[in-house]
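Given next are the chains, with one letter for each unit.
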Amino acid sequence: MAQFAERVFSGVQPTGNLHLGNYLGAIVKFVELQRTHDCIYCVVDLHAITVPQNPLELKASIREVTAAFIASGVDPRQHIIFNQSQVAEHAELAWVFNCVARMGWLNRMTQFKEKAGKDRENASVGLYAYPCLMAADILLYRATHVPVGEDQKQHLELARDIAQKFNLDYAASIAANGHGEAFFPLPEPLIQGPATRVMSLRDGAKKMSKSDPSDYSRINLSDDADAIAQKVRKAKTDPEPLPSDVEGLAKRPEADNLVGIYAALNGETKPEVLKTFGGANFSAFKSALVDLAVAKIGPIGAEMKRLKDDAAYIDGVLTDGAARAKLIARENMAAVKDILGFVR
């Protein structure tokens, strides 16, 4: 396989009301990756409209996600932050990939079945074809690595299948146009860290979610110190003290979740946390978790609020990022058109 310059691409949906799960599961990884990789971070607003959106809320959510990136430590001068709809080549390459991907591949996508539910006939075509757009997002920049959670691994595998089929179907044209034996890389998943999956503070068996009716189920990135402290103290636990090893967390989902959150926020492993707190009761552990969460999340929320109040700055970051993304996207899309045999 041809050699490709390493580049990270990741997209975050502008869902609004970002919480601790979004931060630990994705955004904190972005900050780490920018130290070692060339990174492109995209607010995927085209993906958002696969289900109905309120236009005013969508605009606010795009800015909120951008503010969260910057407040968390992503540097928009050194790396690219932009919203997907400003770079038309995403949609253009997605159409090409609609013609490369096979119906059987898309029919196997479990996330469509989950999101569409029983009324699949009423789901949008966009929701069904979403994985082709996701593949286009990644491969438009010929990205080699994508930080993903477990729920997106299947979509990344599809992106690899699409890249491989394109490379095989157009092998002669790829070579004739001077691109060697492959035009697209087969992007690799980056699954990092101890807490890529953060659970509800009210139910350790459910993922932390903005759609949960109880605000006490999650720590929002916009929460102030008092709200963070109150939610941690009220988090569901069990009557037993913390175990001394991770095996003792196996049938204790709430304890496992809180230990995992502490570990991720403090840059530790679960065994390291239990080495410190094993045998302690939950009141002592929660006090330490309150102090840690307030110290780590509080400043991010304050900076997000400041940035969100400066829409002109946020929009400037997105416009600048889109302009830089377009330079890469146009060149690669032009090459795709030449490979396909389009007249330009």
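Residues numbered from 1 in each chain as written. Predicted model: local features only at pLDDT ≥ 70, side-chain atom pairs only at ≥ 80, totals over all residues. Heavy atoms only, no water.

Novice: An account of the overall build of the protein chain is needed here, citing residue identities and associated values.
Specialist: Counting its regular elements, the protein chain contains 14 helices and 5 strands. The dimensions of the protein chain, computed from C-alpha atoms along their principal axes, are 70 × 45 × 45 Å. Here the protein chain holds 344 residues, and 50% of them are scored as buried. Accessible surface, the protein chain as shown: approximately 16200 Å² in total, 51% of it carbon and sulfur. Distance between charge centres in the protein chain, computed from 40 positive and 42 negative side chains, equals 2 Å. (Helix = DSSP H or I, 4+ residues; strand = E, 2+ residues; numbered from the N terminus. Buried < 20%, exposed > 50% of the residue type's maximum accessible area, 1.4 Å probe, protein only. Areas by Shrake-Rupley, 256 points an atom, 1.4 Å probe, with all protein chains shown as cover. Lys, Arg positive; Asp, Glu negative; His and termini not counted. Charge placed at Lys NZ, Arg CZ, Asp CG, Glu CD.)

Novice: I'd like to hear about helix 7 (residues 125–139), residue by residue, with values.
Specialist: Compared with the 21 Å implied by 1.5 Å per residue over 15 residues, the 21 Å span of helix 7 between its first and last C-alpha is a close match. Pro-131 marks where helix 7 bends most, by close to 45 degrees. Judged by how many residues are buried, helix 7 sits mostly within the fold: 13 of 15 residues are covered. (Expected span 1.5 Å × (residues − 1). Bend = angle between axes of the 7 residues up to and from the residue.)

Novice: Explain the nonpolar core to me, and be specific about the residues and the numbers.
Specialist: Counting 62 residues, the largest nonpolar core has Leu-20, Tyr-23, Phe-69, Leu-265 and Phe-285 as the members making the most contacts within it. Sort the elements by how many residues they give to this core and helix 13 (residues 282–308) lands first, with 11 residues. Here this core spans two domains, and each of domain 1 (7–196 + 311–340) and domain 2 (215–306) adds at least three residues to it. Membership of the second largest hydrophobic core comes to 49 residues, among which are Ala-143, Ala-325, Ile-328 and Met-333. (Core = buried A, V, L, I, M, F, W, Y, C linked by side-chain atoms within 4.5 Å. Domains from an automatic or database assignment.)

Novice: Can you break down the pairing of strand 3 (residues 80–83) residue by residue, with the values?
Specialist: Side-chain positions along a regular strand alternate between the two faces of the sheet. The two faces of strand 3 match: Ile-80 and Phe-82 on one face and Ile-81 and Asn-83 on the other face are all buried. Across 4 bridges, strand 2 (residues 39–43) lies against strand 3 in parallel orientation. Note on strand 3: the bridge partner recorded for Tyr-41 is Ile-81. (Pairing = 2+ DSSP bridges.)

Novice: An account of the domain arrangement of the protein chain is needed here, citing residue identities and associated values.
Specialist: As far as domains go, the protein chain holds domain 1 (7–196 + 311–340) and domain 2 (215–306). On a C-alpha basis, the centres of domain 1 and domain 2 stand 31 Å from each other. Between domain 1 and domain 2, roughly 1300 Å² of surface is buried when both sides are summed, and carbon and sulfur atoms account for 76% of that area. Counting across the interface, domain 1 meets domain 2 through 0 salt bridges. Between domain 1 and domain 2 we count 2 residue pairs in polar contact (both at pLDDT 80 or more) in total. Breaking the side of domain 1 that touches domain 2 down by element, the ones donating at least two residues are helix 1 (20–33) and helix 3 (55–72). Per element, the largest residue contribution to the side of domain 1 that touches domain 2 is 5 residues, and it comes from helix 3. Residue composition of the side of domain 1 that touches domain 2, by class: 10 nonpolar, 3 polar and 1 charged. (Buried area = accessible area lost by both parts, 1.4 Å probe. Salt bridge = Lys/Arg side-chain N within 4 Å of Asp/Glu carboxyl O. Polar contact = N/O pair within 3.5 Å; in protein donor to acceptor, adjacent residues only side chain to side chain. Nonpolar A, V, L, I, M, F, W, Y, C, P; charged D, E, K, R; others polar.)

Novice: Any chance you could break down the packing of helix 4 (residues 89–100) against helix 8 (residues 153–169) for me, citing the residues and the numbers?
Specialist: A packed helix pair is summarised by two numbers, namely the angle formed by the two axes and the spacing between the axes. Look at helix 4 against helix 8: their axes get within 10 Å of each other, and the N-to-C directions meet at 80 degrees. Here helix 4 lies roughly perpendicular to helix 8, going by the angle between them. Contact residues: helix 4 offers Val-96, Phe-97 and Val-100, while helix 8 offers Ile-162, Lys-165 and Phe-166. Here the contact of helix 4 with helix 8 is built from residues that sort into 5 nonpolar, no polar and 1 charged. (Axes fitted to C-alpha atoms, helices over the stretch in contact; angles between N-to-C directions. Parallel < 35°, antiparallel > 145°, perpendicular 65-115°, else oblique. Contact = heavy atoms within 4.5 Å.)

Novice: Tell me what's going on with unusual backbone geometry, and back it up with residues and numbers.
Specialist: A negative phi angle is the norm for most residues apart from glycine, just as the trans form is the norm for most peptide bonds. Even without a glycine there, the phi angle at Arg-142 is positive, about 50 degrees. Structurally, the position occupied by Arg-142 is in the loop between helix 7 and strand 4 (145–147). Taking relative accessible area as the criterion, Arg-142 reaches 22% and is therefore assigned partly exposed.

Novice: Outline the packing of aromatic side chains, listing residues and values.
Specialist: On inspection of all chains with the given rule, the structure shows 12 aromatic pairs. Seen in terms of ring centroids, Phe-97 and Phe-184 are 5.6 Å apart; in terms of plane orientation they differ by 75 degrees. Their pairing is edge-to-face. Taken as a pair, Phe-97 in helix 4 and Phe-184 in the loop between helix 9 (171–176) and strand 5 (188–190) lie far apart in primary sequence, 87 residues in all. With respect to class, Phe-97 is no different from Phe-184; both count as buried. Measuring from ring centre to ring centre gives 5.0 Å for Phe-166 and Tyr-170, while their planes differ by 40 degrees; the resulting arrangement is tilted. Relative accessible area serves as the criterion here: at 27%, Tyr-170 is assigned to the partly exposed category. One aromatic cluster in this structure is built from Phe-97, Phe-166, Tyr-170, Phe-183 and Phe-184. Across the ring face of Phe-183, the terminal group of Arg-142 is positioned such that the distance to the ring centre comes to 4.1 Å. (Phe/Tyr/Trp six-rings, centres within 6.5 Å; stacked < 30°, edge-to-face > 60°. Lys NZ or Arg CZ within 6 Å of the ring centre and 35° of its normal.)

Novice: Which residues make up helix 1, and what values do they have?
Specialist: Helix length check: helix 1, at 14 residues, gives a terminal C-alpha distance of 19 Å against a target of 20 Å (1.5 Å per residue), a fit within 8%. Along its length, helix 1 shows its largest kink, about 35 degrees, at Ala-26. Across the 14 residues that make up helix 1, a large majority, 10, are buried. Taken together, the buried positions of helix 1 are occupied by Leu-20, Gly-21, Tyr-23, Leu-24, Ile-27, Val-28, Lys-29, Phe-30, Val-31 and Leu-33.

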